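Observations on chain architecture
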Amino acid sequence: MTVLDDLHEKIMKGKRKETGPLVQQALDEGIDPEEILGVMVDAMGIIGDRFSKGEAFVPEMLVAARAMSAATDVLKPAMVAEGAEPLGHAVIGTVKADMHDIGKNLVRMMIEGKGVEIVDLGVDVEPERFVEHLKEHPECKVVCLSSLLTTTMPNLEATIKAIEDAGLRDRVKIMVGGAPVTQEFADKIGADAYTVDAGAAAERIAEFF
C-alpha cells in the first residue's frame, strides 16, 4: 500500500491522528501537493456519496471530515508555497437567532474537502454581517446559509434581501439548508440552491466555480 492509498483509507475511516503524519510523509517523498489533495478530496467524495445514499451516517461523516481537516492543516502550507489556488471562496453561517452549528460545521468541512476556501461566521449571524463579509472579500462567490429552526427560516429570506439591498446579489450564489428547509421554500425566497445534506452541499458548491 502506498502512502496515498493509506491516506485515502485513513480519511475514510476517520483516523484523525494518522492523516496529518501521512500527508507529511507524502510531502517528504516528493509527492505533489495537488496530487495529495486529489486523494483527500476523492476520499471525502466517497463518504459524501455513501451518506447521500443512506449507507453512512452523521458520526461517520463527522470523523471523516475531522480527519480531512487534520490532513488539510498539514497540506495547506505546502499548497500556499507552490502558489496553488483554491477551487474558490465561500462563506457560511447559521442565520440570526439560531444557535445550531453541528450541521453547519459538517457542511463546512465537506466543502473544504472539495478544495474550497470557506470562512465560517459561526451562529446567530446577522444579515448585515454577511453583507460586510462580501464587501470585504470580493473574491467570495458563494454564501451558504443554515437554519435548523422553523422560527428562524424567515431569517434566510432576510439575509438574501440584505444582500440584494446592498447590490451584491448578482455577484454571488446563495445556498440554503437545514432540517426544516425545503426546495419549495428555497425557491420562494430566491436561493440559488438547496441541498438535503452535507455531501450534496459539497457536490453542488463545486458547480459554482
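Our structure is the block above this text.
Anyway, here's the lowdown on the structure attached to this text. (Residues numbered from 1 in each chain as written. Predicted model: local features only at pLDDT ≥ 70, side-chain atom pairs only at ≥ 80, totals over all residues. Heavy atoms only, no water.)

**A closer look at the overall build of the protein**
In terms of regular secondary structure, the protein is built from nine helices and five strands. N-terminal to C-terminal, the α/β element order of the protein is α-α-α-α-β-α-β-α-β-α-β-α-β-α. Taken against the 2.2 N^0.38 rule, which gives 17 Å for 209 residues, the C-alpha radius of gyration of the protein at 17 Å falls within 12% of a compact globule. Dimensions of the protein, computed from the C-alpha atoms along their principal axes, are close to 50 × 35 × 25 Å. Taken over 209 residues, the protein has a buried fraction of 49%. (Helix = DSSP H or I, 4+ residues; strand = E, 2+ residues; numbered from the N terminus. Rg over C-alpha atoms; globule rule 2.2 N^0.38 Å. Buried < 20%, exposed > 50% of the residue type's maximum accessible area, 1.4 Å probe, protein only.)

**Concerning the side chain of Asn155**
Structurally, Asn155 can be placed in helix α7 (residues 154-165). A distance of 2.7 Å separates a polar side-chain atom of Asn155 from the backbone oxygen of Lys96. (Polar contact = N/O pair within 3.5 Å; in protein donor to acceptor, adjacent residues only side chain to side chain.)

**Side note on the nonpolar core**
Ile36, Met40, Cys144, Met175 and Ile205 are the most contacted members of the largest nonpolar core, which has 44 residues in total. Per element, the largest residue contribution to this core is nine residues, and it comes from helix α3 (residues 33-52). Once you skip the residues sitting within four places of it in the chain, Met175 turns out to touch Val142, Val143, Cys144, Leu145, Ala193, Thr195, Ala201, Arg204, Ile205 and Phe208. Residues Leu134, Val172, Val176 and Val181 belong to the second largest nonpolar core, which totals 25 residues. (Core = buried A, V, L, I, M, F, W, Y, C linked by side-chain atoms within 4.5 Å. Contact = heavy atoms within 4.5 Å.)

**Points about the pairing of strand β4 (residues 173-177)**
In terms of burial, β4 is a largely internal element, four of the five residues being buried. Both strand β3 (residues 140-146) and β4 contribute to a ladder of five bridges, which runs parallel. When the bridges of β4 are listed, Ser146 appears paired with Gly177. Viewed along the sheet, the connection from β3 through α7 into β4 turns out right-handed. Two strands pair when backbone bridges link them, and β4 and strand β5 (residues 193-194) are joined in this way by two bridges, in the parallel orientation. Looking across to β5, one finds that Val176 is bridged to Tyr194. Chirality of the crossover, the property in question, places the unit of β4, helix α8 (residues 183-189) and β5 among those that are right-handed. (Pairing = 2+ DSSP bridges. Right-handed = clockwise from strand over helix to strand, strands pointing away.)

Take it as geometry only, folks, not as evidence of what the structure does.
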